[in-house]
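Working through the structure, step by step
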Amino acid sequence: EPEVTQTPSHQVTQMGQEVILRCVPISNHLYFYWYRQILGQKVEFLVSFYNNEISEKSEIFDDQFSVERPDGSNFTLKIRSTKLEDSAMYFCASSPTGRAEQPQHFGDGTRLSIL
Amino acid sequence: AQKITQTQPGMFVQEKEAVTLDCTYDTSDPSYGLFWYKQPSSGEMIFLIYQGSYDQQNATEGRYSLNFQKARKSANLVISASQLGDSAMYFCAMSTYTGNQFYFGTGTSLTVIP
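All values derive from a computational prediction rather than experimental measurement. (Residues numbered from 1 in each chain as written. Chains lettered and ligands numbered in written order. Predicted model: local features only at pLDDT ≥ 70, side-chain atom pairs only at ≥ 80, totals over all residues. Heavy atoms only, no water.)

Estimates place the volume of the largest pocket at around 310 Å³. Taken together, 15 residues form the lining of the largest pocket, with Glu1, Glu3, His105 and Phe106 of chain A together with Met45 of chain B sitting closest to its centre. When its residues are assigned to classes, the lining of the largest pocket shows 8 nonpolar, 3 polar and 4 charged. (1 Å grid on protein atoms, 1.4 Å probe; cavity = no way out; pocket = protein on both sides within 12 Å on 5 of 7 lines; lining within 4 Å. Points joined across faces, edges and corners; volume = space filled by probe spheres on them. Nonpolar A, V, L, I, M, F, W, Y, C, P; charged D, E, K, R; others polar.)

Further remarks concern the packing of aromatic side chains. A complete count under the given rule lists 21 aromatic pairs over all chains for this structure. Taking the centre distance of 5.0 Å and the plane angle of 55 degrees together, the rings of Tyr25 of chain B and Tyr32 of chain B count as tilted. For the pair Tyr25 of chain B and Tyr32 of chain B, a shared accessibility class is recorded, and that class is buried. Taken together, the ring pairs connect Tyr33, Tyr35, Phe45, Phe91 and Phe106 of chain A together with Phe35, Tyr37, Phe47, Tyr50, Phe91, Phe102 and Phe104 of chain B into an aromatic cluster. One residue, Arg63 of chain B, lies across the ring of Tyr64 of chain B, its end atom 5.8 Å from the ring centre. (Phe/Tyr/Trp six-rings, centres within 6.5 Å; stacked < 30°, edge-to-face > 60°. Buried < 20%, exposed > 50% of the residue type's maximum accessible area, 1.4 Å probe, protein only. Lys NZ or Arg CZ within 6 Å of the ring centre and 35° of its normal.)

Residue and element names in this part refer to chain A. On the basis of which strands lie adjacent, the open sheet formed by 4 strands has the order β1-β3-β8-β7 and antiparallel pairing. The open sheet terminates on both sides in strands that have one partner only, identified here as β1 (5–7) and β7 (65–68). Along the sheet, successive strands turn relative to each other by an average axial angle of 20 degrees, direction set aside. Where β7 lies against strand β8 (residues 75–79), 4 bridges are found, and the strand directions are antiparallel. Directly across from Ser66, in β8, lies its bridge partner Lys78. (Pairing = 2+ DSSP bridges. Helix = DSSP H or I, 4+ residues; strand = E, 2+ residues; numbered from the N terminus. Axes fitted to C-alpha atoms, helices over the stretch in contact; angles between N-to-C directions.)

Facing the 22 residues of chain A at the interface are 20 residues of chain B. Buried area between chain A and chain B, both sides added, is near 1700 Å², and the carbon and sulfur share of it is 56%. Summed over the shared surface of chain A and chain B, the number is 0 salt bridges. At the surface where chain A touches chain B, the tally comes to 4 residue pairs in polar contact (both at pLDDT 80 or more). Elements represented by at least two residues in the side of chain A that touches chain B include exactly β4 (31–37), β5 (43–50), β6 (53–57) and β9 (88–95) of chain A. Here the element with the most residues in the side of chain A that touches chain B is β4 of chain A; it accounts for 4 residues. (Contact = heavy atoms within 4.5 Å. Buried area = accessible area lost by both parts, 1.4 Å probe. Salt bridge = Lys/Arg side-chain N within 4 Å of Asp/Glu carboxyl O. Polar contact = N/O pair within 3.5 Å; in protein donor to acceptor, adjacent residues only side chain to side chain.)

What follows is about the environment of Gly52 of chain B. Residue and element names in this part refer to chain B. Mapped onto the elements, Gly52 comes out in strand β6 (residues 46–52). The exposure class assigned to Gly52 is buried, which follows from its relative accessible area of 3%. For Gly52 and Cys92, which are 40 residues apart along the polypeptide, the C-alpha to C-alpha distance reads 13 Å. Ignoring sequence-local partners within four residues, the contact set of Gly52 consists of Tyr32 and Phe68.

Once that is clear, we can look at the pattern of salt bridges. All names here are of chain B. Inspection of every chain in the model, using the stated rule, returns 3 salt bridges over all chains. Here Asp26 and Lys73 are joined by a salt bridge, their closest N and O atoms 3.4 Å apart. Remark: Lys73 occurs in the loop between β8 (64–69) and β9 (74–79) and Asp26 occurs in strand β4 (residues 24–26); sequence separation between them is 47 residues. Arg63 is paired through a salt bridge with Asp86; the nearest N and O atoms lie 2.8 Å apart.

Here we take up the state of the cysteines. One way to say it: the disulfide is the covalent bond shared by the sulfur atoms of two cysteines. What the rule picks out here adds up to 2 disulfides over all chains. Paired through a disulfide, Cys23 of chain A and Cys92 of chain A show a sulfur-sulfur distance of 1.9 Å. What sets the handedness of the Cys23 of chain A and Cys92 of chain A disulfide is the S-S torsion sign, and at about -65 degrees it is left-handed. Of this pair, Cys23 of chain A sits in strand β3 (residues 19–24) while Cys92 of chain A is found in strand β9, placing the two residues 69 residues apart along the sequence. Take Cys23 of chain A and Cys92 of chain A: they sit in the same class, and that class is buried. In this model Cys23 of chain B forms its disulfide with Cys92 of chain B; the gap between the sulfur atoms is 2.0 Å. On the sign convention where negative is left-handed, the bridge of Cys23 of chain B and Cys92 of chain B, at about -65 degrees about the S-S bond, is left-handed. Here the residue Cys23 of chain B occupies a position in the loop between β3 (19–21) and β4, and Cys92 of chain B occupies one in strand β10 (residues 88–96), the gap between them amounting to 69 residues. For Cys23 of chain B, a relative accessible area of 0% puts it in the buried group. (Disulfide = S-S within 2.5 Å.)

Limitation: the analysis is restricted to geometry and does not speak to function.
Structure follows, in structure tokens:
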């Protein structure tokens, strides 16, 4: 069964450094998402992406965050200048059409630790 | 604003017994979808079951069923014949037709006791 893959599984970065989290969505899916889950808390929406542009973003997704689809398969989340509070699990998800009745398929996540 | 509430931070169930995990939601959208995801200790998010707001029948997927009570705005997950491998965090989530993000509850930690 096709799946969303995320790399790396764990990223350790010094505060203030830039980090790029990578995702390969399911190949025929058109909508892509990033979520974050701070340890012990609920999953929070960051951004959705369709047709090479952001379709929706949350208040968490401020100017330090950016997303890109650099080629036909990868979908990346960049955090420009990391802060301690960016430490979290980051999930990428994809959906065939973005319709509300379809589940979003999640990757296994990247655990980001900021030192 | 959309909101998902899971009031049970932790639940215990005896192996082979059934368990109900509660979820209530709030939305003004007339059309929405309700989902349950399982998150084992390894961290991945596994889709379990979906219920559409206009579906007349409660959704079922193997040992999982969704007790959907629209008037009460509840979408409880029922796991029958619990297995040790069911021990995990369970998240209720909602999507709406006016936006394409998922709204998650705070989760319920289920522990299955042998």
